[in-house]
Structures are given as structure tokens and as C-alpha cells.
Amino acid sequence: MIEQYLLSLAIFSPIAGVIALFLVRPERTGLVKWTGLVTSLVTFLLSLVLFFRFDPEMAGFQFSESAVWIESLNIGYRIGIDGISLLLIVLTAFLTPIALLGTWNSVTQRLKEYTMMVLLLEVGMTGVFAALDLFLFYVFWEAMLIPMYFIIGIWGGQERIYAAIKFFLFTLFGSLLMLVAILALGYQASIAPEGVFTTDLLRLYEIGPTLPATVQLWMFLAFALSFAIKVPLFPLHTWLPDAHVQAPTAGSVILAGVLLKMGTYGFIRFCLPLFPEASIAAAPWMSALAVIGILYGGLVAMVQTDMKKLVAYSSVAHLGFVVLGIFSMTEEGMQGAVIQMVNHGLSTGALFLLVGMIYDRAHTRMISEFGGVAHVMPVFAVFLMIVSLSSIGLPGLNGFVGEFLVLLGSFNSDVLGTKVFAVVATTGVVIAAIYLLWMYQRVIFGPVREEGRYHGQALKDLNLRESTTLAVIVVLIVWIGIYPSTFMSRSGPASRAVVKKIEQVRSGSGSELARSSEAIRTSPPQP
């Protein structure tokens, strides 16, 4: 019975923590922290059960649940996961307790409400990755905005209100266009032979590819704009640096580690399978924007004076690799994109934690304020080096696996039809090495300043809690770098299924099947 509803438990279990927090007095800060941490750890354990009970040989959706919601419109509570969504759900459930534990003493005002917002945010994020009904997906997608808006707007920096409103408006604008496309797609299902209005994703997988190319293109653009804002893809990235810099450390970890992946996940789950012809036509343009983002994000990160803003712009570059892998429409590129989503969540999440930890001590993030930190914080220096090398893509660490597969897939892509994208994107790896190692050299090496005092503050090395939090992430960084098949074996069948569908459309078999099916339905019976 429990296994039947295991996915729902994983989605909604944080609500139990929210309810419990309602009963806790705000001044009991220790109990508030432990309630949030224990709740998020229970959710993580449920995600591990999903991970180990998942059958990696199946390309379809598992742990599926379905219930009628709005019967007249054929809208239902339909959820399920394949290997791609499984990895992202586990990543979400992993990073939430990491963010809470890594910033244990960072938030002092309205701690109870803050913890509740983080748990509610986890519900929305997990629901997005599990939804198999477009209306349900839209509800989770919008619901996720609310707690993140409050996390930035209440517990953020000096310009938090501006950053929160900008984040909200950018995302809401794209979401409204996606809602229009969802309704249009449901209408197309209703006018199909023997059709009814529905938002059932599996049914729409059959309807979408049969639509005329022009209709597909308009719907693709509506979905793609919403997802491109969330990624964010150049030139729709301007909300991201403000949101990252102003958000509290845990907000930045979750924003970079999970929320940005909703955009790239949306391309894989919705755009490519629903509108394959439009996706093929748009692939060179999307890849061009991705490559521009890789170069632009890296070059802008190189000149940043604020460590947090440097990491924020690095996300624009790293997510560009993910988008390039997706629109290479090769198995290597798709697998590289999926594992790179996980890699970015780990590496960039750890970078934001490290920046937050040194900010809590020095009360500044300005690179020029530091120097010789290795002498007073040697453990911090070691962790920052490992995570920076991971983000650069050093062989043996997780970043190398994803970037190598993305570059290989885009280099061999028949859809893109040119090797220029891969060649130019490769320079992004070099640029990443420049801005991360240059930042590391200026912060960590050199003479100790003011007898170990930075910005007027004496720095202490990482404590046991902080070191343990980062060590868990480093274990996964090395694990994926050395033996990625633990994770890629689960996402492989789903990635191959998406690529196979694209190949069928390119070869004409997908369209022929649609025309044959239509001919059979409309032809009169033979005597």
C-alpha cells in the first residue's frame, strides 16, 4: 500500500514538517531547525527508496499514480517518474537538507517562517519533476514561485525586494504564455477524431507530433520561452545575478541546484516529445543561444569583483552546456545534459555554500578584501579547490563527465549539421578555468592580511557541521567523476527514448505513422 503511493509521499512529506512547525513557538529556534532538517531528511530517504526500487531497464514511467481531479476537463492528478525525473527528484531531496544544515546559523530573523518556506518550496520543486498532467505541472510550477519569492524578498540582501519582484515577474510572464499553449494543446486534443479536451501528458504525446509544423512551432515557442527564462538562457538571464546575490545562502543553493534545472527539464520532458518537428527546426537557434550563453557567462564571470555574482554568472555558462546537449538530439548529448544538471547542482550548490560560509565570517564577498585565506582557513581552502576543479571539469570529478558527453554529442550531431557549436563551446571550459582559478588565487593565496583579520573580522576555519556538509557533496562529486554509471544507467533508457522519437520524425517514419493512422480512421470500409 505504501509503495503504491510512494511518489506522493516523497512529494508531499515536507508538508508534515510545515504543519509541525505551526505548533512550534518561534522562540524555540533549536526545535525549529531540527524539525526542518529531520523533515527534509525523511524526504531524502523516501527519494532514496525511489532510486533503489526504480527499474533502470524500463524506459517508461514508474511509480505512476492517477486520480480524477476536474472530470469535465479530463484534468487529473497524474504523476510518475522516469530515469531523468528520478535523478532530479533525488537531487532536490538531497540539496534541501544540505542547504538547511550548511546555513544552520545564517538566518536569525523569522526562522520559523523561513524553514516553512524552504519546505514548501521543496514540495513545488518535486511536484514539477513528477507531474504527468500539464495542468498539474503548471500548478506546481507556479506554486514554487511563491516560497522562493518570500525567501528572496524577506531574508535577502539590501536590494532583496527588487530582486524578488524581478524574479517573480520574469518567471510569471513566461508561465502565462505556457498556460495559453497548454490550453491550446488540450483544444487540439479535443478536435482530434474521437478526441476530448485533456491535459494528460501521455495522451498529448500522441497528439502533439501530429500537429501541423506551424502550430507546433508556435506552441514550442510558448513553452520554450518559459523554460528559457527559468534556465536562464541568454538573453533572458538578467534576473539571475540579482536573485542569486540578494538571496540568502540556502536560497542561492536551491535556486542554482534545482530551480534552474526546471527549465532544462522542461525542454526534455515537454518541448522535444510534444513538438519534435519544431524542436528540430529550432535546434540550431537554441544551440547558438546556448553557446553565446557559455561564452558570455564565462567572460562576465571573469570580471566580477563579488564572489557570489561570479558563481551566479558561471551558472549561465554551465547551463548553456546543458541546453547544447539537449538540442544536439544525440544520445551522448542528452545523457551529458542530464548528468550535467546533477553535476551543476552539486558543484555550484557547494560553491554558494562556501561563499556563504566565508561571508558569515568576514561579512564581505569582495574578492579584493581577501588574500592568504589558506593560512587561516586551510580546510576551507581544500574544499574550495576541489569544488572549483569540479566546476571547471577536471577529469576524475563530476563536471568532466557531463561536459565531455555534451561536447561529444554536439560534435557528432546530425541535427545541428555543424561542428562549430562544439568547437566554440569548448572554449567555455578554458574560460571557466580562468575565472575560477583566478578567483581562487586571489582569495586563497598570497600574504595573510592584517594578521588574519579580513574586513575587520578574524576568520575561523570550518567547523565540524560545515565540513561534514561539504564532505558529503565532495563524495558525490568524486563518485560521479569516477563511476557515473550508477546514475546514468537510470537515465539512459529515458534519454534514448527521447532521441529515438526525434530520429523517427527526422526519418519521416513518425509523420508516416501519423498519416497512416489518420488514413485508417477516415477510410471507408472495403466491401
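The coordinates are above.
For every chain, the first residue of its written sequence is number 1, and the numbers climb from 1 along that sequence. Owing to the predicted nature of the model, reporting of local features is limited to residues with pLDDT of at least 70; listing and counting of side-chain atom pairs is limited to 80 or more, with chain, interface and lining totals taken over all residues. Side-chain measures here rest on the full set of heavy atoms in the structure, leaving out hydrogens and waters.

Asker: Teacher, can you tell me more about the side chain of Glu 122 here?
Answerer: With respect to the secondary-structure elements, Glu 122 resides in helix H4 (residues 111-130). Despite its burial, Glu 122 remains without a salt bridge, the nearest opposite charge being carried by Lys 261 at 15 Å. Residue contacts for Glu 122: discarding those within four places in its chain leaves Pro 14, Ser 40, Thr 43, Thr 92, Ala 93 and Thr 96. Numbering of helices and strands runs from the N terminus; a helix is a DSSP stretch of H or I covering at least four residues, while a strand is a stretch of E covering at least two. Each residue is placed in one exposure class: buried if its accessible area under a 1.4 Å probe, protein chains only, is under 20% of its type's maximum, exposed if it is over 50%, and partly exposed if it falls in between. The positive count covers Lys and Arg only, the negative count covers Asp and Glu only, and His and the chain ends enter neither. For this document, the term salt bridge refers to a Lys or Arg side-chain nitrogen within 4 Å of an Asp or Glu carboxyl oxygen. When checking whether two residues touch, look at their non-hydrogen atoms; a contact exists if any pair is within 4.5 Å.

Asker: Looking at this structure, I do not really get the pairing of strand S1 (residues 62-70). What am I missing?
Answerer: The two faces of the sheet receive side chains in turn, since in a regular strand these alternate between them. In short, DSSP must find at least two bridges between two strands for them to pair. In this sheet, strand S2 (residues 75-81) lies alongside S1 in antiparallel orientation, the contact comprising six bridges. Counterpart to Gln 62 in the pairing with S2 is Ile 81. As consecutive antiparallel partners, S1 and S2 are separated by four residues, and within that stretch Asn 74 has a phi angle of approximately 55°, a positive value.

Asker: So what exactly am I meant to see when it comes to the environment of Leu 259 here?
Answerer: Following the sequence through the fold, Leu 259 ends up in helix H10 (residues 249-274). Take Leu 259: its relative accessible area is 0%, and that puts it in the buried class. Counting along the chain gives 29 residues from Leu 259 to Lys 230, while the straight-line C-alpha distance between them is 7.4 Å. Every residue in contact with Leu 259, bar those within four places of it in the chain, is listed here: Leu 121, Met 125, Met 144, Met 148, Phe 167, Lys 230 and Ile 254.

Asker: Honestly, the pattern of salt bridges in this entry has me stumped. Any pointers?
Answerer: Close approach of charged atoms allows side chains of opposite charge to pair. Counted under the stated rule, the structure contains ten salt bridges. Here Asp 82 and Arg 269 are joined by a salt bridge, their closest N and O atoms 2.6 Å apart. Here the residue Asp 82 occupies a position in the loop between S2 and helix H3 (83-102), and Arg 269 occupies one in helix H10, the gap between them amounting to 187 residues. Residues Asp 82 and Arg 269 agree in their burial class; the two are buried. Across the salt bridge formed by Glu 466 and Arg 465, the nearest N and O atoms sit 4.0 Å from each other. Look at Glu 466 and you get buried, because its relative accessible area is 5%. Via salt bridges that share partners, Arg 78, Asp 133 and Asp 200 belong to a single interconnected network.

Asker: How do you make sense of the pairing of S2 when you look at a structure like this?
Answerer: Within S2, seven of the seven residues are buried, leaving the element largely enclosed by the surrounding structure. Both faces of S2 are covered, namely the face carrying Ile 75, Tyr 77, Ile 79 and Ile 81 and the face carrying Gly 76, Arg 78 and Gly 80.

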